[in-house]
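Chain by chain, the residues:
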Amino acid sequence: MNMRAAALALTVVMGSLACGAAEAAETRCGWYVNPTPRNFYLSDRDGDWWMRSQGGMTAEGFDDHAPDFDPKQYVELQPNGYGYGCACFSVDTDKAEKNITRIYSGKILPLARCRNDKTLTKPD
């Protein structure tokens, strides 16, 4: 194989690997919940997906990519500020443990989107 052909083959292989990594991320949308200090999870049609638990795990990218709650799109459960909103995340998950292991991006959505989704259970 000549050098040009080898370089082309390497480019194709590297491009395929990069595409495969991007395809591994999944989009999950649902209730974005902060029930107590430093605890966060996403509750979607498949259940609760922890992304940070106090004294336990924190998803890679949480500090950089988890969106801040929008005060206009937030339900406060207690006077101390803990509650929930509606959001979509691009993530990697550990399905066996029901954890979000990496967050690539997140976006706050209107509360109506989650309220109108019959597959979601409203957080308590």
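For the structure itself, look to the data block above.
All of these numbers come straight from a predicted model, not from anything done at the bench.

1. What to know about the state of the cysteines
All told, the structure shown has two disulfides when counted by the stated rule. Paired through a disulfide, Cys29 and Cys88 show a sulfur-sulfur distance of 1.8 Å. Judged by the torsion about the S-S bond (110°), the Cys29/Cys88 disulfide is right-handed. Highlighted residues: Cys29 in strand β1 (residues 26-34) and Cys88 in strand β5 (residues 83-94), separated in sequence by 59 residues. Note on cysteine connectivity: Cys86 is disulfide-linked to Cys114, with sulfurs 2.0 Å apart. Classification of the bridge connecting Cys86 and Cys114 rests on its S-S torsion, roughly 75°, and on that basis the disulfide is right-handed. Of this pair, Cys86 sits in strand β5 while Cys114 is found in helix α3 (residues 111-115), placing the two residues 28 residues apart along the sequence. Comparing Cys86 with Cys114 shows no difference in burial state: the two are buried.

2. Quick notes on the side chain of Glu26
Structurally, the position occupied by Glu26 is in strand β1. Of the polar contacts made by the side chain of Glu26, one reaches the side chain of Thr93; its length is 2.8 Å. In this view, Glu26 contacts Phe89, Ser90, Val91, Thr93 and Lys95; residues no more than four positions away in its chain are not counted.

3. A few points about the side chain of Ser43
Of note, Ser43 is situated in strand β2 (residues 40-44). Under the relative-accessibility criterion, Ser43 is labelled buried at 10%. Here Ser43 is in contact with Gly30, Trp31, Asp48, Leu120 and Thr121, once residues within four sequence places are set aside.

4. Considering the nonpolar core
Ranked by size, the top nonpolar core spans 14 residues in total, and within it Tyr32, Met51, Phe62, Phe89, Ile100 and Ile103 carry the most contacts. Counting residues per element, the ones that place at least two in this core are β2, β3 (47-52), β5 and β6 (99-109). Counting eleven residues, the second largest nonpolar core, distinct from the first, contains Tyr41, Val75, Cys86 and Leu120.

Cut-off values and rules
Residues numbered from 1 in each chain as written. Predicted model: local features only at pLDDT ≥ 70, side-chain atom pairs only at ≥ 80, totals over all residues. Heavy atoms only, no water. Disulfide = S-S within 2.5 Å. Helix = DSSP H or I, 4+ residues; strand = E, 2+ residues; numbered from the N terminus. Buried < 20%, exposed > 50% of the residue type's maximum accessible area, 1.4 Å probe, protein only. Polar contact = N/O pair within 3.5 Å; in protein donor to acceptor, adjacent residues only side chain to side chain. Contact = heavy atoms within 4.5 Å. Core = buried A, V, L, I, M, F, W, Y, C linked by side-chain atoms within 4.5 Å.

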